[in-house]
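Architecture at a glance
If you want the building blocks of each chain, they are given just below.
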Amino acid sequence: MIAGLLGLVLVAVASSQFWMPRPTPVSVEVVTLAPVTRVLAVNGRIAAVHSVGIRSTVGGALAALSVAEGDVVDAGQVLARIEADAQNAVVRQAMAALDASLIAQDEARQTYNRSLALGTNIARSVLETQARAVQTADQEVSRQTSVLTQAQIALRDHTIRAPMRGTVLVLEAEQGQIVDPATPLLTLADLSELMVEADVDEAYATQIGPDQRAVLQLAGETDLRDGHVSFVSRQVDVATGGLAVRIAFDDPVAAPVGLTVAANIIVDQRDEALTVPRTALKSDGDATGVYVVGDGAARFRPTTVVDWPAARLVVTSGLTEGDAVVIDAEGIAEGQAVSVEQP
């Protein structure tokens with residue numbers, strides 16, 4: 001009888017242990033101090049440091065286009081000519097008018113000089129009248145000279161020259177086309193000095209500054225190139241929420257304009273810091289933190305981190321070296337029994 005009761009007790013104990021919840025297996029990471037580099041990854045495109053859009057300052061038919069896309073031109077080289085028959089006529093008219101005013105000026109001066117030679121034999125009023133005629137003739141010569149100069153400048157504007165040495169990137173007009181100052185003709189760029197243009201999300205705008213180091217990788221390449229932030233806009237684009245930045249290459253690079261570049265901007269480097277996986281973070285009410293394993297249970301530990309678009313986050317408070325942090329906090333609750341999975 002006693003043996004039978006003892007058997008029933010053992011069965012009951014075994015059954016209760018079978019139905020008791022088992023500890024949840026979790027993977028943990030023991031946080032340790034280590035060097036940390038905080039990087040902001042952005043995509044940008046190759047651009048020329050010096051680039052200019054060429055337009056005509058006068059209107060008319062495009063009589064000649066002397067370059068093609070890809071041509072390298074020197075400063076002052078003729079790029080295009082605008083039909084200038086009408087302006088040539090204006091120049092000729094201005095030259096004729098100046099010649100006439102010079103003749104009139106010469107005649108006025110000769111008349112006045114002859115009168116002066118007569119001395120007291122000519123009335124003072126006549127001399128004054130002739131002197132005013134000389135002055136008027138001089139003024140007319142000056143005016144006609146200015147008119148001719150303006151006409152010649154306008155004529156020179158019909159010849160479009162390169163403002164710098166560079167490569168014709170884009171040709172946007174064709175010979176015979178009617179153009180005006182609003183018509184883009186071509187884009188000229190100095191490809192000897194290239195940079196990367198990119199946009200940074202406004203959430204990280206205050207973290208980016210000039211001279212920060214960057215690691216660059218051109219599309220289609222495996223090699224990495226060194227660079228640095230050379231410009232940070234002081235205005236966020238309200239339409240896109242992006243902040244324009246430019247990254248200069250430390251060494252010259254040859255690449256087509258517009259090529260995609262992956263850039264890692266090094267925002268912060270620390271010799272020692274604690275980090276946790278982003279998956280370890282969990283919100284518990286108003287607090288955000290991680291779960292630390294101790295005495296077979298998960299304990300919520302409020303933790304502050306540097307919010308950054310990365311898989312690992314730098315811890316600024318809440319943890320100490322040696323804490324065993326649950327790597328994936330999904331489904332974990334305060335006080336939950338856990339068992340650490342062995343790697």
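Our structure's up above, just so we're on the same page.
Residues numbered from 1 in each chain as written. Predicted model: local features only at pLDDT ≥ 70, side-chain atom pairs only at ≥ 80, totals over all residues. Heavy atoms only, no water.

Focus: the pairing of strand 19 (residues 312-317)
Bridging between strand 14 (residues 260-277) and strand 19 involves four bridges; their strand directions are antiparallel. Counted as the bridge partner of Thr275 is Val314 from strand 19. Sheet analysis places strand 18 (residues 304-305) next to strand 19, joined by two bridges and oriented antiparallel. When the sheet's bridge partners are listed, Thr304 is paired in strand 19 with Ser317. (Pairing = 2+ DSSP bridges. Helix = DSSP H or I, 4+ residues; strand = E, 2+ residues; numbered from the N terminus.)

Structural notes on the nonpolar core
Core analysis: the biggest nonpolar cluster contains 29 residues, and Leu40, Ile208, Leu216 and Ile265 have the highest contact counts within it. For this core, the secondary structure elements donating two or more residues are strand 3 (34-55), strand 10 (184-201), strand 11 (213-218), strand 12 (225-237), strand 13 (242-249) and strand 14. If you tally residues by element for this core, the top one is strand 10, at five residues. Those residues in contact with Leu40 that lie beyond four places of it in its chain are Val200, Tyr204, Ile208, Ala263, Asn264, Ile265, Val267, Trp308 and Pro309. (Core = buried A, V, L, I, M, F, W, Y, C linked by side-chain atoms within 4.5 Å. Buried < 20%, exposed > 50% of the residue type's maximum accessible area, 1.4 Å probe, protein only. Contact = heavy atoms within 4.5 Å.)

Some thoughts on the packing of helix 2 (residues 85-117) against helix 3 (residues 124-156)
What describes two packed helices is the angle between their axes and the distance between those same axes. Across the interface, helix 2 lies against helix 3 with an axial gap of 8 Å and an inter-helix angle of 160 degrees. On the basis of the axis angle, helix 2 is roughly antiparallel to helix 3. For the crossing formed where helix 2 meets helix 3, the hand is left-handed. For the contact of helix 2 with helix 3, the class distribution of residues is 22 nonpolar, 10 polar and three charged. (Axes fitted to C-alpha atoms, helices over the stretch in contact; angles between N-to-C directions. Parallel < 35°, antiparallel > 145°, perpendicular 65-115°, else oblique. Left-handed = near helix turned anticlockwise from the far one by under 90°. Nonpolar A, V, L, I, M, F, W, Y, C, P; charged D, E, K, R; others polar.)

Overview of the pattern of salt bridges
Summed over the entire model, instances satisfying the criterion amount to 10 salt bridges. Put simply, Glu140 and Arg143 hold a salt bridge, and the shortest N to O gap is 2.8 Å. With a gap of three residues between them, Glu140 and Arg143 both fall in helix 3, about one helical turn apart. Taking the relative accessible area as the measure of exposure, Glu140 reaches 29% and is therefore partly exposed. One salt bridge connects Asp268 with Arg270, and the closest N-O pair in it is separated by 2.8 Å. Overlapping salt bridges, with partners in common, bring together Arg38, Asp268 and Arg270 in one network. (Salt bridge = Lys/Arg side-chain N within 4 Å of Asp/Glu carboxyl O.)

Honestly, that's just the spatial picture; any functional story needs more than this.
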